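# Secondary and tertiary structure notes
The chain contents come next:
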Amino acid sequence: MLVLGIESSCDETGLALYDTQRGLLAHALYSQVKMHEEYGGVVPELASRDHIRRAIPLLEKVLADSSVQRSEIDAIAYTQGPGLAGALLVGSSIACGLGLALDKPVLGVHHLEGHLLSPLLASEPPAFPFIALLVSGGHTQLMRVDGVGQYAMLGETLDDAAGEAFDKSAKLLGLGYPGGPAISRLAEFGDPNAYTLPRPMLHSKNLDFSFSGLKTAVLTVVKNHPANICEQDKANIARAFVDAIVDVLTAKCMTALKQTGLKRLVIAGGVGANRQLRESLNAAAAKRRYKVFYPELEFCTDNGAMIAFAGAMRLQRDPNLAK
Ligand code: KG4
Ligand code: ZN
């Protein structure tokens, strides 16, 4: 079965072709980061309009790269939500239009399921069951995954998502958008002993998270500074922020593994690209003989491959969905 995937939930237009026999045949991505940079965040109207401009050329590209004819596509999967309404509408309209023109079934995919299953696209995919930490710009969730479509929520953020905390703290430090990679890079130069920031809910018995207090703590440190905060101090604050958030995410993952008795941990979503988080998780897991799986770096953030893949897995499991 050959599935075309379309992702357009936020500021990335992603198209991909996944074949259940041959694997990922092609994928193409256009990031709108440069366009939104000057506004310090995603402007929904601009995002929708740009998806319209990019989607069809990207479709032509994945078809050309894989030498696939449109008529060979068996089904079309698109991101149904969550995301920006206008941006999602573009993806769904294109998917439905193509479905009608090609007389092929169209399937809406949950964006987070796409992220959740993205590590299965790697060359050494994890076997089920596993614990998944989903850390994106909009969500922070810990889940037990027993198979495709078999997800049990173990804990989630009570306020800000991890990616949101990265982005907002980066903004407070005057770093560009998206803030996650920027604050992470700056933290490399920071002194780990200069500041200590709170680790919210680190010792709570449950698997929920809360990051808004951490963001407020960054705000307080920044406010208590003289107007011209020097570069080294910015790096020190960045370091304290990254250390705090990484500590909490790592500890909760270890608790989830311990509580469920599972041995495999899967990390998905944009924050999963974070170097400090990966190092910390790898070290903690190695100590306890757990194994951690990550998506390929290019599939950590939003992309069409994860949507094509999730759609294909869904259709394989329940062919009635294609009717
Ligand atoms: O999964 P994603 O591309 O989009 C959503 O579904 O939200 O995640 C985007 C988030 C942003 O908050 C971005 O700052 C964060 O992932 N991010 C990172 C890194 N790369 C992306 N955060 C920390 N370190 C990174 N290297
Ligand atoms: Zn996402």
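Residues numbered from 1 in each chain as written. Chains lettered and ligands numbered in written order. Predicted model: local features only at pLDDT ≥ 70, side-chain atom pairs only at ≥ 80, totals over all residues. Heavy atoms only, no water.

Okay, the overall build of the protein chain next. Check the secondary structure of the protein chain and you find ten helices and ten strands. What you see for the protein chain is a C-alpha radius of gyration of 20 Å, in line with the 20 Å of a compact globule of 323 residues. Partitioning the contacts of the protein chain with sequence separation of at least 6, the portion at a separation of at least 24 is 70%. Carbon and sulfur atoms make up 53% of the accessible area of the protein chain, which amounts to about 14,100 Å² in all. Between the mean site of the 31 positive side-chain charges and the mean site of the 33 negative ones, the protein chain shows a separation of 6 Å. (Helix = DSSP H or I, 4+ residues; strand = E, 2+ residues; numbered from the N terminus. Rg over C-alpha atoms; globule rule 2.2 N^0.38 Å. Contact = heavy atoms within 4.5 Å. Areas by Shrake-Rupley, 256 points an atom, 1.4 Å probe, with all protein chains shown as cover. Lys, Arg positive; Asp, Glu negative; His and termini not counted. Charge placed at Lys NZ, Arg CZ, Asp CG, Glu CD.)

At the metal site, the zinc ion (ligand 2) is ligated by His-111 (NE2), His-115 (NE2) and Asp-302 (OD), and these contacts range over 2.0 to 2.1 Å. Taken together, the four donor atoms coordinating the zinc ion (ligand 2) and their angles of 94 to 133° define a geometry best described as tetrahedral. With a relative accessible area of 12%, Asp-302 lands in the buried category. (Donors = N, O, S within 2.8 Å, 3.2 Å for Na, K, Ca; no water. Tetrahedral: all angles 85-135°; square planar, octahedral: opposite > 155°, others 65-115°. Buried < 20%, exposed > 50% of the residue type's maximum accessible area, 1.4 Å probe, protein only.)

Evaluation of the coordinates by the stated rule reveals four aromatic pairs. Ring centres of Tyr-18 and Phe-309 lie 5.0 Å apart, and the angle between their planes is 85°; this geometry places the pair in the edge-to-face category. Highlighted residues: Tyr-18 in strand β2 (residues 12–19) and Phe-309 in helix α10 (residues 304–317), separated in sequence by 291 residues. Look at Tyr-18 and you get buried, because its relative accessible area is 11%. Ring geometry for Phe-128 versus Phe-130: centroids 5.4 Å apart, planes at 20°, classification stacked. (Phe/Tyr/Trp six-rings, centres within 6.5 Å; stacked < 30°, edge-to-face > 60°.)

Let us look at the site of ligand 1. The immediate surroundings of ligand 1 are formed by 18 residues, with His-115, Gly-137, Asp-167, Gly-270 and Asn-274 found nearest. Backbone polar atom of Gly-137 to an oxygen atom of ligand 1: 2.7 Å apart, as the coordinates give it. In the model, an oxygen atom of ligand 1 is placed 3.2 Å from a nitrogen or oxygen of the Gly-180 main chain. Within the complex, 86% of the 550 Å² of free accessible area of ligand 1 lies under protein. Those elements giving two or more residues to the shell around ligand 1 turn out to be α4 (111–117), α5 (162–172) and α6 (179–187). At three residues, α5 tops the list of elements feeding residues into the shell around ligand 1. Here the residues of the shell around ligand 1 are counted per class, giving five nonpolar, eleven polar and two charged. (Near = heavy atom within 4 Å. Polar contact = N/O pair within 3.5 Å; in protein donor to acceptor, adjacent residues only side chain to side chain. Nonpolar A, V, L, I, M, F, W, Y, C, P; charged D, E, K, R; others polar.)

For the rest of this paragraph, the subject is the UniProt feature "domain: Gcp-like" (unreviewed entry) in the protein chain. In this numbering, the UniProt entry assigns the feature "domain: Gcp-like" (unreviewed entry) to residues 24–309. Secondary structure content for residues 24–309 is 47% helix and 17% strand, and the end C-alpha separation is 8 Å. (UniProt positions renumbered as here; feature names shortened; annotations may be inferred.)

Our next topic: α10. Note on helix geometry: an α-helix contains 3.6 residues per turn, so any two residues three or four positions apart are oriented the same way. Helix length check: α10, at 14 residues, gives a terminal C-alpha distance of 20 Å against a target of 20 Å (1.5 Å per residue), a fit within 8%. Considered for burial, the residues of α10 that qualify are Gly-304, Ala-305, Met-306, Ile-307, Ala-308, Phe-309, Ala-310, Gly-311, Ala-312, Met-313 and Leu-315. The inward-facing, buried residues of α10 abut β1 (2–7), β2, β3 (23–31), β4 (75–81), β5 (106–110) and α4. (Expected span 1.5 Å × (residues − 1).)

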